[in-house]
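Spelled out from the first residue to the last, the chains are:
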Amino acid sequence: MARRSGRATSRFIKLQEMNLRMIAALFFSVCLAFPPAAEAGLYTASDQIVLLSQQNVGSVLVNSSAATVVEFYASWCGHCISFSPIYKKLARDIKEWKPAVNIAAVDCAADENIQICMNYKISGYPTIKFFHAYSTADSAGVPYRGFSRDVRNLRQRIIDSLESHGEPWPPACPPLEPTSETEINNFFETNTVQHLALIFEDAKSYIGREVILDLLQFENVTVRRVLNTESGLVAKLGVTEFPSCYLYYPDGNFTRLRVNFEARAFYSYALQRLPGVIRSGKPPPVTMELVKNSTQEPWRPFDRSRVYMADLESALHHSLRVELAVQSVIKGDALIALKSYISVLAKYFPGRPVVMNLLKSLNSWLKNQTVDQISYKAFKENVDNTAQVPDAALPEGVRWVGCQGSQPHFRGYPCGVWTLFHVLTVQASNTGGSDPQEVLTAMRNYIHNFFGCRYCADHFENMARESLEVVNTLPSSVLWLWSRHNRVNNRIAGDLSEDPYFPKIQWPSPEVCPSCHMLKDNGEHGWNENQVLTFLGSYFSFSRILLDYLEDENKILKKQTEKHSHKLEDSLAQKHIERIAREALDPITTPVEEEEEEEEEEPQDETEAYEEDNEGGEDKLAASDIKDKASEQTPRTNAKLEEVPGHQQAHKIPRIIGMRLKQRRQQEDIVDLDSFVNQHFKAKALQLAASSRVKQRTLQTKVEQEHRQELSLGMELDAGLGMIGLQPIDTDLDLNSIYQGKRLKKRELAGQYIGKGVELFQRGHWISVLSIGFSNVDISLCVILYAVSFTCLVAMYIFFRNRFRRRRVKIALP
């Protein structure tokens with residue numbers, strides 16, 4: 001016994017002295033040695049089972065540092081199909097035993113694996129064989145004959161196989177022999193671990209060895225088993241119950257480890273949570289002070305036993321505005337999945353009124369879409385509520401509280417998605433939903449079509465395909481999602497994605513819900529599902545969701561309104577810039593459609609509109625006014641008189657080209673035909689001289705700012721008489737004397753304006769008359785025709801003159 005204890009101590013010391021980097025390298029080498037095979041047959045990579053094939057069977061079973069348990073099965077075998085859930089559960093149960101033990105499987109029904117099964121002499125299915133560490137190429141493994149369909153018995157047989165390994169002892173496997181009082185007294189002289197846990201048990205108990213293997217991947221803690229026959233140590237610590245666990249310290253002090261039940265699962269959980277205990281290869285848990293400085297946002301203190309609405313709204317934001325944005329066009333099954341997802345949110349999401357209004361509006365919009373595809377741009381406009389549905393908004397940005405991680409890349413959105421769907425299943429159960437699988441199906445289809453982590457989506461799809469059809473009640477849907485969440489936690493525990501400050505555990509923990517845990521008759525840990533269901537219904541209920549750290553609804557609506565206003569202004573500014581660019585390229589010709597739009601926007605009484613614009617004074621002149629009145633400030637409706645103090649400038653005579661024909665009112669003053677001709681051709685000359693309409697409007701604006709006395713001419717072409725008339729002056733209006741004087745003064749300025757126009761026109765009257773109704777092309781054609789005619793006449797003249805000369809010469813000959 002002493003020799004075995006000494007050998008165990010020496011192996012234990014060597015194991016503890018292994019460098020952390022060597023352990024990490026060994027772990028990753030094992031992972032690399034197990035490339036995923038084609039996911040066919042009864043198992044997938046989601047089951048944490050190594051799928052053997054011709055490519056990896058040699059590296060897994062031959063000369064490996066880890067022992068391997070292999071199931072040889074046929075996918076058509078009924079017994080194999082019945083045993084597969086037990087084998088999957090075994091893989092999850094001893095997941096922490098890596099790298100000492102690995103679980104593998106090979107489908108002998110696959111053509112490519114027939115040779116493997118023949119090499120290992122497989123004659124029936126299912127067959128389980130144990131391969132020791134450093135097995136040779138000719139080793140056929142140790143078969144488990146008559147194995148039980150029970151995880152506990154299989155686990156114990158694996159332990160027996162590990163202990164049967166001869167020398168040298170595999171370095172990846174910890175010592176499993178019982179310890180002695182002498183070894184314990186000298187333990188801290190050669191080891192620097194922080195905690196030494198002693199599990200007192202009888203010789204037939206496997207609890208101590210199971211806990212030793214459960215803690216294999218953790219540092220700063222060592223677990224040793226002590227038999228009840230070690231009387232000296234039992235008396236020293238006063239042990240009276242078997243099994244029981246005690247913590248032994250370097251100074252000789254000890255204390256009993258308090259757990260709900262004296263069982264393997266409770267010991268392992270409690271020891272993994274001791275201060276200073278960390279997973280190998282993972283950084284130590286950060287303190288609160290470090291957490292505050294390691295994230296981009298300040299750390300938000302929160303209650304771990306509560307759900308926060310900020311997490312749910314943040315998950316919605318990322319889902320609807322970020323994750324869905326990857327697909328520019330949503331169609332087919334993805335569109336069906338999106339409609340189902342939004343429908344479930346609109347029915348069961350326990351959000352604030354503004355968020356619920358938006359989800360209902362979005363759901364209504366999707367239901368009205370009869371096409372087989374939609375663009376994400378159109379969907380995003382509804383998410384952002386561009387239609388301005390009253391009191392509807394979804395806050396932008398994320399604000400994690402219960403889902404915040406110690407580093408920016410930890411937790412966050414994945415935590416928020418799990419929380420969101422837990423809340424939806426509980427709400428559906430509490431409100432009496434009609435379809436037990438409604439929420440789960442929506443979640444499954446959303447993850448399958450949109451979830452960014454495709455590896456995670458594949459794992460979730462495997463779980464749903466495996467057992468989702470068994471959900472037939474609303475409570476069972478709550479429990480199904482909870483159990484699958486725990487299965488995911490078990491699979492990714494210890495991964496690089498695990499936050500050391502928030503380790504992956506089987507939730508709820510004994511501290512959070514003691515009544516949820518129980519001990520089965522065989523001593524195994526079990527879940528009291530009735531208590532779990534009660535706990536989940538309370539934990540994720542609407543009444544227990546905290547509203548801390550939320551932005552005020554009024555501020556959200558205000559931000560949304562301001563955002564839409566800025567977008568509208570930007571859009572109008574962009575259109576204005578594009579219009580200016582078009583007009584700059586073609587300053588003379590204005591499209592007919594544009595003229596019609598401007599005509600519709602003009603007030604019926606142009607003189608009144610002009611006076612209203614001018615009565616505002618300089619206070620109303622701004623960039624926004626120019627945008628709003630761009631259609632009104634056309635050369636037809638804005639005839640201005642440009643004057644500078646001390647310097648008289650040439651007047652701009654309004655253009656009438658392109659004006660619509662309007663019925664002249666009875667009270668309009670009539671101008672004779674000469675005035676019409678003068679103004680018509682003067683306007684045309686000014687139009688050709690202008691560089692662009694933009695420059696013309698700029699000058700008009702400048703005149704409006706500098707002068708208050710402007711000409712308000714409303715030039716209209718009478719349909720019946722073809723005359724130009726001033727805008728009518730309604731003499732029956734009850735106006736004060738000041739206002740009447742102002743209008744009379746404008747009439748006088750109008751007369752002066754026309755008179756000066758006539759004087760300027762007299763000089764080029766006849767040249768202008770020649771161009772009435774003719775374009776440059778017409779005049780050019782006329783000139784060419786005249787030139788051709790003149791050339792022909794000259795040619796005919798020369799021809800006949802020469803001919804007559806020849807005749808005269810012939811007649812004169814004798």
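Analysis parameters
Residues numbered from 1 in each chain as written. Predicted model: local features only at pLDDT ≥ 70, side-chain atom pairs only at ≥ 80, totals over all residues. Heavy atoms only, no water. pLDDT = per-residue confidence, 0-100. Contact = heavy atoms within 4.5 Å. Core = buried A, V, L, I, M, F, W, Y, C linked by side-chain atoms within 4.5 Å. Buried < 20%, exposed > 50% of the residue type's maximum accessible area, 1.4 Å probe, protein only. Helix = DSSP H or I, 4+ residues; strand = E, 2+ residues; numbered from the N terminus. Salt bridge = Lys/Arg side-chain N within 4 Å of Asp/Glu carboxyl O.

J.: An account of the confidence of the model for the protein is requested, with residue identities and associated values reported.
T.: With 69% of its residues at a pLDDT of 70 or more, the protein has an overall mean of 78. Every residue in residues 288–295 is under pLDDT 50, and counting partners more than four places away or in other chains gives 14 contacts. Taken together, the stretch residues 589–674 has pLDDT below 50 and engages in 153 contacts with residues farther than four places along the chain or on a different chain.

J.: Explain the nonpolar core residue by residue, including any values.
T.: Counting 76 residues, the largest nonpolar core has Leu 338, Tyr 341, Phe 349 and Phe 379 as its most contacted members. For this core, the element with the most residues is helix α17 (residues 413–431), which contributes ten residues. Apart from residues no more than four positions distant in its own chain, Phe 379 is found in contact with Leu 320, Leu 324, Leu 338, Ile 342, Leu 362, Trp 365, Leu 366 and Ile 374. Cys 80, Ile 94, Ile 212 and Leu 247 belong to the second-largest nonpolar core, a separate cluster that totals 56 residues.

J.: Describe unusual backbone geometry, listing the residues and the values that go with them.
T.: A cis amide bond links Tyr 125 to the next residue, Pro 126, at an omega of -10°. Looking at where Pro 126 falls in the secondary structure, it is placed in the loop between α5 (114–119) and β4 (127–131). Cis geometry marks the peptide bond from Trp 507 to Pro 508; its omega dihedral reads 5°. By secondary structure assignment, the location of Pro 508 is in the loop between α20 (474–492) and β15 (517–519). Look at Asn 63: it is not a glycine, yet its phi comes out positive at around 55°. Its location among the elements puts Asn 63 in the loop between α3 (57–61) and β2 (67–73).

J.: Which residues make up the environment of Thr 255, and what values go with them?
T.: With respect to the helices and strands, the residue Thr 255 is situated in strand β10 (residues 254–256). Residues Thr 255 and Cys 245, spaced ten residues apart in sequence, show a C-alpha to C-alpha distance of 8.8 Å. If sequence neighbours within four positions are ignored, Thr 255 has contacts with Tyr 246, Leu 247 and Tyr 249.

J.: Could you give an account of the pattern of salt bridges, with specific residues and numbers?
T.: Within the structure shown, the criterion is met by 23 salt bridges. Asp 384 is the salt-bridge partner of Arg 321, the closest N and O atoms lying 3.0 Å from each other. With Arg 321 in helix α13 (residues 309–323) and Asp 384 in the loop between α16 (376–383) and α17, this pair connects stretches of sequence that are 63 residues apart. Neither Arg 321 nor Asp 384 differs from the other in exposure class; each is buried. Salt bridges sharing partners connect three or more residues here, namely Asp 93, Arg 155, Glu 210, Asp 214, Arg 264 and Glu 524.

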